[in-house]
Amino acid sequence: MTKRLFLLNGLAILAVVCSHTTGWGSIAMSPWADRYRLVVGPNYDQTGTLPYYMLLAMKCLMPFSFRKPSTSSQRERMVSTCFIRK
């Protein structure tokens with residue numbers, strides 16, 4: 001039982017780290033692009049690149065690590081809000 005609790009605590013810590021990483025990574029890709037490239041920010045030209053889709057996939061997987069949706073409508077709402085972004 002203790003090993004399982006330690007495993008779940010470790011997974012929760014990794015989920016929090018990944019959640020913060022995706023949040024700050026998406027901020028760094030668009031509004032802060034002028035800090036590390038010669039562009040005028042906010043610049044959205046990195047939308048559609050491989051790093052963008054990797055951040056989007058991590059962002060979509062994070063809600064599933066925090067709580068389990070109890071109904072199918074909640075599950076559909078979580079997936080639809082994740083993949084329909086402009």
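What comes next concerns the included structure. Computed from a prediction, not measured in an experiment: that's the story for all the values here.

This brings us to helix 1 (residues 2-29). The end-to-end C-alpha distance of helix 1, which contains 28 residues, comes to 40 Å, matching closely the 40 Å that a straight helix rising 1.5 Å per residue would cover. Taken together, the buried positions of helix 1 are occupied by Ala15, Thr22, Gly25 and Met29.

Applying the stated criterion to the full structure yields two aromatic pairs. Taking 5.4 Å as the distance between ring centres and 70° as the angle between the ring planes, the aromatic pair formed by Tyr52 and Tyr53 counts as edge-to-face. Since its relative accessible area comes to 24%, Tyr52 is described here as partly exposed. The partly exposed category is assigned to Tyr53, whose relative accessible area is 47%. When the ring centre of Trp32 is taken as reference, the NZ or CZ atom of Arg35 above it lies at 4.9 Å.

Cut-offs used in this document
- Residues numbered from 1 in each chain as written.
- Predicted model: local features only at pLDDT ≥ 70, side-chain atom pairs only at ≥ 80, totals over all residues.
- Heavy atoms only, no water.
- Helix = DSSP H or I, 4+ residues; strand = E, 2+ residues; numbered from the N terminus.
- Expected span 1.5 Å × (residues − 1).
- Buried < 20%, exposed > 50% of the residue type's maximum accessible area, 1.4 Å probe, protein only.
- Phe/Tyr/Trp six-rings, centres within 6.5 Å; stacked < 30°, edge-to-face > 60°.
- Lys NZ or Arg CZ within 6 Å of the ring centre and 35° of its normal.

Read these as geometric descriptors, not functional statements.
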